[in-house]
Amino acid sequence: MTAAVTPEHPIPDPAVNLAQAREVARDLVVIENHGVQLVPNIGVIGGREAVLVIDTGMGQSNAQAVLEFAADYAAGRRLYLTTTHFHPEHAFGAEVFAGEATYLINRAQALDLERKGAAYLEMFRGLGDSVARRLEDVRLIAPDRIYESEHELDLGGRRVRMRATGRGHSLGDQVVEIPDADVLFTGDLVEAGQFAIFPWFPPYDTDVSGIGWLAVMERLIAERPGTVVPGHGAIGGPELLADVRDYLRLLREETWIRRDSAVSEATIIAEVRAIMLARHPDWAGREWIENGIGCLCAEHAHAGH
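Values in this document were obtained by computation on a predicted structure and should not be read as measured data. (Residues numbered from 1 in each chain as written. Predicted model: local features only at pLDDT ≥ 70, side-chain atom pairs only at ≥ 80, totals over all residues. Heavy atoms only, no water.)

> Which residues make up the confidence of the model for the chain, and what are the values?
Looking at the chain, the pLDDT average stands at 95 and 96% of residues meet or exceed 70. Mean pLDDT across the secondary structure elements of the chain bottoms out at helix H8 (residues 288–302), with 93, and peaks at strand S4 (residues 50–54), with 99. Predicted confidence for residues 2–8 stays below pLDDT 50, and this span has 13 contacts to residues more than four positions away or in other chains. (pLDDT = per-residue confidence, 0-100. Helix = DSSP H or I, 4+ residues; strand = E, 2+ residues; numbered from the N terminus. Contact = heavy atoms within 4.5 Å.)

> Describe the pairing of strand S8 (residues 150–154), and please don't skip the residues or the numbers.
Alternating residues of S8 divide into His-151 and Leu-153, all buried, and Glu-150, Glu-152 and Asp-154, none buried. Pairing analysis gives 5 bridges linking S8 to strand S9 (residues 159–164), with the strands arranged antiparallel. Residue pairing in the sheet places Leu-153 in a bridge with Val-160 of S9. Counted between consecutive antiparallel strands, the loop separating S8 from S9 contains 4 residues, among which Gly-156 sits at a positive phi close to 95°. (Buried < 20%, exposed > 50% of the residue type's maximum accessible area, 1.4 Å probe, protein only. Pairing = 2+ DSSP bridges.)

> Which residues make up empty space enclosed by the protein, and what are the values?
Evaluated as defined, the whole model comprises 2 cavities of 30 Å³ or more. If you add up the space inside the largest cavity, you get close to 40 Å³. Together, Ala-91, Phe-92, Gly-93, Ala-94, Glu-95, Tyr-103, Leu-113, Arg-139, Leu-140 and Ile-141 line the largest cavity. The class makeup of the residues in the lining of the largest cavity is 7 nonpolar, 1 polar and 2 charged. Roughly 40 Å³ of internal volume is contained in the second largest cavity. (1 Å grid on protein atoms, 1.4 Å probe; cavity = no way out; pocket = protein on both sides within 12 Å on 5 of 7 lines; lining within 4 Å. Points joined across faces, edges and corners; volume = space filled by probe spheres on them. Nonpolar A, V, L, I, M, F, W, Y, C, P; charged D, E, K, R; others polar.)

> Describe helix H7 (residues 265–279), and please don't skip the residues or the numbers.
The end-to-end C-alpha distance of H7, which contains 15 residues, comes to 21 Å, matching closely the 21 Å that a straight helix rising 1.5 Å per residue would cover. Looking at the buried positions of H7, the neighbouring elements they touch are helix H6 (239–260) and H8. (Expected span 1.5 Å × (residues − 1).)

> Please give an account of the sheet that holds strand S12 (residues 227–232) that cites residues and values.
Spatial strand order, S8-S9-S10-S11-S12: 5 strands in an open sheet with mixed pairing. With one partner strand each, in any of the chains shown, S8 and S12 form the two edges of the open sheet. Averaged over neighbouring strand pairs, the angle between their axes works out to 25° when direction is ignored. In the sheet, S9 pairs with strand S10 (residues 174–178) via 4 bridges, with the strands oriented antiparallel. (Axes fitted to C-alpha atoms, helices over the stretch in contact; angles between N-to-C directions.)

> How would you summarise the nonpolar core if you had to cite specific residues and measurements?
It is characteristic of soluble globular proteins that their nonpolar side chains tend to be buried jointly. The biggest cluster of nonpolar side chains holds 37 residues, and the ones touching the most others in it are Phe-92, Phe-97, Tyr-103, Phe-124, Val-131 and Leu-135. Those elements that place two or more of their residues in this core are strand S2 (28–31), strand S3 (42–46), S4, helix H1 (59–74), strand S5 (78–82), strand S6 (101–106) and helix H3 (107–125). If we ignore the near neighbours within four places in the chain, the residues touching Leu-135 are Met-58, Gly-59, Phe-92, Leu-121, Phe-124 and Arg-125. Among the nonpolar cores identified, the runner-up in size contains 35 residues, and Val-175, Val-208, Leu-241 and Ile-289 belong to it. (Core = buried A, V, L, I, M, F, W, Y, C linked by side-chain atoms within 4.5 Å.)

> Tell me about the environment of Arg-167, residues and numbers included.
Mapped onto the fold, Arg-167 is located in the loop between S9 and S10. Along the chain, Arg-167 and Ala-196 lie 29 residues apart, while their C-alpha atoms are 14 Å from each other. The contact partners of Arg-167, leaving out residues within four places of it in the chain, are Thr-206, Asp-207, Val-208, Ser-209, Gly-212, Trp-213 and Val-216. Within the structure, the side chain of Arg-167 is placed 3.0 Å from the backbone oxygen of Thr-206, a separation counted as a polar contact. Polar contacts involving the side chain of Arg-167 include one to the main-chain carbonyl oxygen of Val-208, which spans 3.4 Å. (Polar contact = N/O pair within 3.5 Å; in protein donor to acceptor, adjacent residues only side chain to side chain.)

> Residues and numbers for unusual backbone geometry, please.
Following Pro-202, the chain continues to Pro-203 via a peptide bond in cis, the omega torsion being 0°. Positive phi values are uncommon outside glycine, yet Asp-27 reaches one of about 55°. When you line up the elements, Asp-27 lands in the loop between strand S1 (21–25) and S2. Not every positive phi belongs to a glycine, and Arg-224 is a case in point at roughly 55°. Along the chain, Arg-224 falls in the loop between helix H5 (210–223) and S12.

This is how it looks when you write it as structure tokens:
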């Protein structure tokens, strides 16, 4: 997902930079995004027999670069691909891996891709020329393998645990854990130094859940991972999980207090946005605050308040 786009602030070319690859644990590399919009942090995790790639980058050329990097890194080991969720910069390069890697995701994510992938492809093509060029000729493909809620992938001497988290940033979010390295890839459930991205676009997409997302963060925090690789932003530790949890909790509380008082949504947005900006003046993605408030206003009604 991305920030607001204006003619004065077009999105820079969302190019994956392989020079940003670094080893964060034994046989575990992250191609970092270093703050570039619409470029995710990409994982390459190795075992004796196979290598797993986490996320593709946006479009064919990015995915081709990632595939070539992974194939060279694998040095003959077989390849697997998974994606943290279906959004374009994370998954809209999977076609390049067809025939080269086994593409594995959870069922909810596969349904997201099937039901909403085409619409997101068109929406992102409208974000500007740099994005549209990256998405030229993209073809969405189904995964080779689907798991229900949890899957353990044996790479040979290293097991990787994939888990569908349930509804949060999207219906099909998954986290990927490498237990022997104490590393957790979160996708866009976590961003570093950025307000949580709420793809709240009624009536077209209302699957994001602030309540569900908060519950996911509580569960992840309880597991106390050592290293957290967010969807976007700098790699960190469990403090990244706490930052998102605390933000979502405050956003919910401040929104629902005002909703209980029958304040207009416009007033809620103005007041809560001011609180969040005062709390996190240096965070990026300010435009997502309003979407989060809208989502939580809708969930307030459904929660029976």
